[in-house]
Amino acid sequence: MRDEHALLSLYARLWKHVSRRRRTQLAALGALMLVGTFAELVSLGMVLPFLGVLTAPERAFEHVAAQPLIHLFGLTAPQQLLLPLTALFALAAALAGAVRLAMLWLQMRLGSIIGVDLGYEAYRRTLYQPYAVHAARNSSEIIAALMTKIHTIVYFILVPTLTLLTSSCIVLTILVFMVLVDPQLTAMTFLAFGGLYVVVAYTTKRSLARDSQLVTAGQTRLAQLVQEGLGGIRDVLIDGLQETYSRIYRRADAELRRAIGNINFMQGAPRPVIEAFGLVLIGWLAYAMAGRPGGMTAAIPVLGALALAAQRLLPLVQQGYSSWTSILGGEASLRDVLSLLEQPLPVYSALPAPAPLTFREGIEFNNVQIRYGAQSPLILRGIQLRIRRGSRTGLIGATGSGKSTLLDVLMGLLPPTAGTLRVDGTVIDDANHRSWQAHIAHVPQVIYLADATVSENIAFGVPVAEIDHARVRRAAQLAQIAETIESWQDGYQTVVGERGSRLSGGQRQRIGIARALYKQTDVIVFDEATSALDDETELAVMQAIDSLPGDLTIFTVAHRLSTLRNCDQIIELSGGAVQRVGTYKGMIEQAV
């Protein structure tokens, strides 16, 4: 029972993320199910009189229930009942089939659109998580959840659940009909077939749970392998690791496919056994009913009605069982997706974009400390700094000295563990950090470029129809790349390739600078933006940075002191603390 309660708990958690509109549509599906059960009952109810008029028309003609039809059509002979009853039987069957088709379409459509809603919400909540959360988690788990596990819960959880509900309603209707026709035979049939499915369901339950875990783990592992192989393609090519990665991928993929295959096998396994058993059962029923009063003539309508009901019942029961195994097979993926859907949203996510914070004087680090956990060592220790507005500040220090962490605090990505970051005397905290970030543009060491046009990459994140092309050209001119872009055949409509593969390193960095300038912020952070470039290209990019308007507040992180020669002040970090603060000239003199 614990497993059933756990599954119901998962459904309850999932239901909270289904919108009001989708709940209304699910209610409409429920209403259609009721219509479908009524149509099914009518179509089955027409079997008895139809078969009765085929086998014993005289008896049917004298039956009380046939008299309204006889008077309506003015029938005078028993054989005349055949045509109207055939027409009514065909109409009832067609109606039942149309309703089943409509239910199938609505199930698939509704399951898919709920999957879209869940995928959107999971992705949205993930993007809203604090930077520290993103830094600590494995991105392959998120990619697997969004790209494959959402798909899994749509076709292993949502659609099968709707199918199970629909099948259950119709199965109950058919059983009611069969009980009305012959309760004793119905009870025997139900116990035989139902018992077999119950035994199979409980004997395969543990295997399904194990395979469910293997499926979700395999999806994450495959996403990780693809990321590693393609992300490190240079090393793969240089070291000749293609076969190594291919073998690892094949092994992981084989485990995933084997688990999915096991689930699919367990879905369909009972069907051939049930079908064979059903034929044997019908044979024994015919033999038993032949010995009743009236012989086969009286037995044929009842037997035919039961056989037709069973013919509809067995696929529905199999469908319901398959849906149940699918649900168990997708349970682990559902847990992973729910963990994304239940990520907390910050308060500002429901608010309009905030107005920028007042920034006229400067930025102050007041005894700022950072550590990533209660037991972790300090990354920043007692940082005490003041940077005036419009100045150019350089950061230098060995790897691990705390430069990037200091910038993360400056940009409002990491809240200080102790101490405060102040802008014009206002403490930056969770309530106003978005207002401060409205002032900031960031140029990292590796510029992410989408496989889109130069214009779209400079105005990154802006819908194509809303791009201000004059602003794009102005940003490119300030970044000193406009002349290069305009020399290309397609100009600003040139497609840069995946991650800017068709551009040089210097061109990618300058487009990154142009992107920052397009935002028209007054603080720009260059986080080792030139460290991956050769000396000549670095010099050209630094000239572009040095030529930026003087009213911008600029932070530049570099490994070489010479890169920061035009900064107003240079801060050297060591071991998470400020080692010294001075000018380029003063630091050169100290070095001598």
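This report concerns the structure included in the present document. (Residues numbered from 1 in each chain as written. Predicted model: local features only at pLDDT ≥ 70, side-chain atom pairs only at ≥ 80, totals over all residues. Heavy atoms only, no water.)

With that settled, consider the side chain of serine 167. For serine 167, the position within the fold is in helix 8 (residues 139–181). If we ignore the near neighbours within four places in the chain, the residues touching serine 167 are Leu316, Gln319 and Gly320. (Helix = DSSP H or I, 4+ residues; strand = E, 2+ residues; numbered from the N terminus. Contact = heavy atoms within 4.5 Å.)

Further remarks concern empty space enclosed by the protein. For the structure shown, the criterion picks out 2 cavities of 30 Å³ or more. In this model, the largest cavity occupies a volume close to 60 Å³. Lining the largest cavity are Arg392, Met542, Ile545, Asp546, Ile554, Thr556, Thr563, Leu564, Asn566 and Cys567. Mapped onto the lining of the largest cavity, the elements with two or more residues apiece are helix 21 (535–546) and strand 8 (553–557). For the lining of the largest cavity, the element with the highest residue contribution is helix 21, accounting for 3 residues. Classifying every residue of the lining of the largest cavity by side-chain character gives 5 nonpolar, 3 polar and 2 charged. In this structure, the second largest cavity spans a volume of roughly 50 Å³. Taken together, Phe365, Leu385, Ile387, Thr393, Leu395, Leu406, Leu407, Leu410, Phe555 and Ile571 form the lining of the second largest cavity. (1 Å grid on protein atoms, 1.4 Å probe; cavity = no way out; pocket = protein on both sides within 12 Å on 5 of 7 lines; lining within 4 Å. Points joined across faces, edges and corners; volume = space filled by probe spheres on them. Nonpolar A, V, L, I, M, F, W, Y, C, P; charged D, E, K, R; others polar.)

Across the sheet, 4 strands lie side by side as 2-1-4-5; this open sheet has antiparallel pairing. Each of the sheet's edge strands pairs with one partner strand only, and the pair in question is strand 2 (380–388) and strand 5 (426–427). Running over the sheet, helix 15 (residues 403–410) touches strand 1 (362–370), strand 2 and strand 4 (418–423) and is turned about 120 degrees from strand 1. (Pairing = 2+ DSSP bridges. Axes fitted to C-alpha atoms, helices over the stretch in contact; angles between N-to-C directions.)

On to the environment of serine 112. In this fold, serine 112 is placed in helix 6 (residues 82–127). Sequence separation of serine 112 and valine 154 is 42 residues, and the distance between their C-alpha atoms is 6.3 Å. Sequence-distant contacts of serine 112, defined by excluding residues within four places in its chain, comprise Val154 and Tyr155.

By size, the foremost hydrophobic cluster in this structure holds 47 residues, and its most contacted members are Leu14, Leu118, Leu334 and Leu341. Among the secondary structure elements, those contributing two or more residues to this core are helix 1 (2–15), helix 2 (20–45), helix 6, helix 8, helix 9 (183–231), helix 11 (242–268), helix 13 (295–329) and helix 14 (331–341). Looking at this core element by element, the count peaks at 14 residues for helix 8. In this structure, leucine 14 is in contact with Leu118, Leu158, Leu334, Leu338 and Leu341, ignoring residues within four places of it in sequence. Of all hydrophobic cores here, the second largest spans 34 residues; its members include Ile447, Val472, Ile481 and Tyr492. (Core = buried A, V, L, I, M, F, W, Y, C linked by side-chain atoms within 4.5 Å. Buried < 20%, exposed > 50% of the residue type's maximum accessible area, 1.4 Å probe, protein only.)

A few words now on the packing of helix 20 (residues 505–518) against helix 21. Two numbers describe how helix 20 lies on helix 21: the axes approach to 10 Å, and their chain directions differ by 15 degrees. In terms of orientation, helix 20 lies roughly parallel with respect to helix 21. In this structure, helix 20 meets helix 21 at a crossing whose hand is right-handed. Within the contact between the two elements, helix 20 uses Gly506, Gln509, Arg510 and Ile513 and helix 21 uses Thr537, Ala540, Val541 and Ile545. Among the residues making up the contact of helix 20 with helix 21, the classes are represented as 4 nonpolar, 3 polar and 1 charged. (Parallel < 35°, antiparallel > 145°, perpendicular 65-115°, else oblique. Left-handed = near helix turned anticlockwise from the far one by under 90°.)

Once that is clear, we can look at the environment of alanine 355. Secondary-structure assignment places alanine 355 in the loop between helix 14 and strand 1. Expressed as a C-alpha distance, the spacing of alanine 355 and asparagine 432, which sit 77 residues apart in the sequence, is 9.8 Å.

The next point concerns the packing of helix 18 (residues 469–478) against helix 20. For any two helices packed against each other, one specifies the inter-axial angle together with the distance between the axes. In contact at an axis separation of 8 Å, helix 18 and helix 20 are set at 130 degrees when each is read in the N-to-C sense. In terms of axis orientation, helix 18 runs oblique to helix 20. Judged by the sense of rotation from one axis to the other, the crossing of helix 18 with helix 20 is right-handed. In this structure, helix 18 contributes Arg471, Val472, Ala475, Ala476 and Leu478 to the contact, and helix 20 contributes Ala514, Leu517 and Tyr518. Here the residues of the contact of helix 18 with helix 20 sort into 7 nonpolar, no polar and 1 charged.

What follows covers the packing of aromatic side chains. Per the stated rule, a full pass over the model turns up 3 aromatic pairs. With a centroid separation of 5.4 Å and an interplanar angle of 80 degrees, the aromatic rings of phenylalanine 359 and tryptophan 436 are classed as edge-to-face. Taken together, the residues span a long stretch of sequence, with phenylalanine 359 in the loop between helix 14 and strand 1 and tryptophan 436 in helix 16 (residues 433–437) at a distance of 77 residues. On the numbers, 6.0 Å between centres and 70 degrees between planes, the contact of tyrosine 448 with phenylalanine 460 is edge-to-face. Of the two residues, tyrosine 448 sits in the loop between strand 6 (440–443) and helix 17 (454–458) while phenylalanine 460 sits in the loop between helix 17 and helix 18, which places them 12 residues apart along the sequence. Residue tyrosine 448 is classed as partly exposed on the basis of its relative accessible area of 44%. Overall, phenylalanine 460 belongs to the partly exposed group, its relative accessible area being 42%. A cation sits over an aromatic face here: arginine 389 above phenylalanine 359, 5.6 Å from the ring centre. Looking at arginine 515, its charged tip hangs above the ring of phenylalanine 460, at a distance of 4.3 Å from the centre. (Phe/Tyr/Trp six-rings, centres within 6.5 Å; stacked < 30°, edge-to-face > 60°. Lys NZ or Arg CZ within 6 Å of the ring centre and 35° of its normal.)

Let us now look at the pattern of salt bridges. Under the counting rule described, the total for this entry stands at 11 salt bridges. One salt bridge in this structure joins glutamate 121 and arginine 125, with 2.8 Å as the shortest N-O distance. Separated by 4 residues within a single helix, glutamate 121 and arginine 125 lie in helix 6, roughly one turn from each other. For aspartate 522, the salt bridge goes to arginine 389, with nearest N and O atoms at 3.6 Å. Here arginine 389 lies in the loop between strand 2 and strand 3 (392–397) and aspartate 522 lies in the loop between helix 20 and strand 7 (523–527), a separation of 133 residues in the sequence. On the basis of relative accessible area, aspartate 522 is assigned to the buried category, the value being 16%. Its relative accessible area of 32% is what places arginine 389 among the partly exposed residues. Several salt bridges converge on common partners, so that one network encompasses Glu121, Arg124 and Arg125. (Salt bridge = Lys/Arg side-chain N within 4 Å of Asp/Glu carboxyl O.)

Let us now look at the pairing of strand 3. Buried residues dominate strand 3, accounting for 6 of its 6 residues. Both faces of strand 3 are covered, namely the face carrying Arg392, Gly394 and Ile396 and the face carrying Thr393, Leu395 and Gly397. Note: strand 3 against strand 8, 4 bridges, orientation parallel. What sits directly across from arginine 392, in strand 8, is isoleucine 554. Where strand 3 and strand 9 (residues 569–574) come together, 5 bridges link them in parallel fashion. Across the sheet, residue leucine 395 finds its bridge partner in strand 9, namely isoleucine 571.

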